Amino acid sequence: QVQLVESGGGSVQAGESLTLSCAASGYTFGAYCRGWYRQVPGKEREGIAVIDSNGRIHYAGSVEGRFTISQDSAANTLSLQMNNLEPEDTAVYYCAADSRRPFAFGAWCLGHHWGQGTQVTVSS
């Protein structure tokens, strides 16, 4: 049984920072795609920052330069450091991970496993 649990969400003002963490059980980060997605009401879930199955990091253009994804192999956790947050970053943030390599080349995860999500609210 794979379980992903996000933590670290909260309410901040524009310009401030937050760090999200995803802890995994029944799963080990490192072999396949893993990363962070977010969703706002009425919109599809979108990829924000991922580490693909080849170890390459991909960021959405809206967060590149502000967000940093990292992995702590010893702790088996995945983190997302979010700096200079903007109101447009307000969303539920999800941790995702795959259980196999993709059949075709692509930047984003297939989405085999998901966390419950953590709310991030940024006010101006």
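Each remark here, short or long, concerns the structure printed above.
These remarks concern the structure in this document. (Residues numbered from 1 in each chain as written. Predicted model: local features only at pLDDT ≥ 70, side-chain atom pairs only at ≥ 80, totals over all residues. Heavy atoms only, no water.)

## Considerations on the pairing of strand 7 (residues 67-72)
Logical step 1: Here six bridges tie strand 7 to strand 8 (residues 77-82), and the two strands are oriented antiparallel to one another. Paired with D72 across the bridge in strand 8 is T77.
Logical step 2: Hairpin connection between strand 7 and strand 8: a loop of four residues separates the two successive antiparallel strands, and N76 in this loop has a positive phi of roughly 55°. (Pairing = 2+ DSSP bridges. Helix = DSSP H or I, 4+ residues; strand = E, 2+ residues; numbered from the N terminus.)

## Some remarks on the packing of aromatic side chains
Logical step 1: Overall, the coordinates contain four aromatic pairs when judged by the stated rule.
Logical step 2: Each ring, one from Y37 and one from W114, has its centre 5.1 Å from the other, and the planes form 75°; the classification is edge-to-face. Note that Y37 is positioned in strand 4 (residues 34-39) and W114 in strand 10 (residues 113-114), a separation of 77 residues in sequence.
Logical step 3: Y37 sits in the buried class, given a relative accessible area of 7%.
Logical step 4: Overall, W114 belongs to the partly exposed group, its relative accessible area being 34%.
Logical step 5: Taking the centre distance of 6.4 Å and the plane angle of 90° together, the rings of Y94 and W114 count as edge-to-face. Of the two residues, Y94 sits in strand 9 (residues 91-97) while W114 sits in strand 10, which places them 20 residues apart along the sequence.
Logical step 6: Taken together through their ring pairs, the aromatic side chains of Y37, Y94, W108 and W114 make up a single cluster. (Phe/Tyr/Trp six-rings, centres within 6.5 Å; stacked < 30°, edge-to-face > 60°. Buried < 20%, exposed > 50% of the residue type's maximum accessible area, 1.4 Å probe, protein only.)

## Focus on the state of the cysteines
Logical step 1: Tallying each qualifying case throughout the model produces two disulfides.
Logical step 2: One disulfide bridge connects C22 with C95, the sulfur atoms lying 2.1 Å from each other. The S-S bond linking C22 to C95 shows a torsion near -80°; that makes this disulfide left-handed. With C22 in strand 3 (residues 18-25) and C95 in strand 9, this pair connects stretches of sequence that are 73 residues apart. In terms of burial, C22 and C95 fall into one category: buried.
Logical step 3: Between the sulfur atoms of C33 and its disulfide partner C109 the distance amounts to 2.1 Å. Measuring the twist about the S-S bond at about -80°, one finds the C33-C109 disulfide to be left-handed. Of the two residues, C33 is situated in the loop between strand 3 and strand 4 and C109 in the loop between strand 9 and strand 10; the sequence distance between them amounts to 76 residues. For the residue pair C33 and C109, the accessibility class agrees, reading buried in each case.
Logical step 4: Taken in N- to C-terminal order, the disulfide-linked cysteines of the protein chain are connected 1-3, 2-4. (Disulfide = S-S within 2.5 Å.)

These results come straight from atomic positions and should not be treated as a statement about function.
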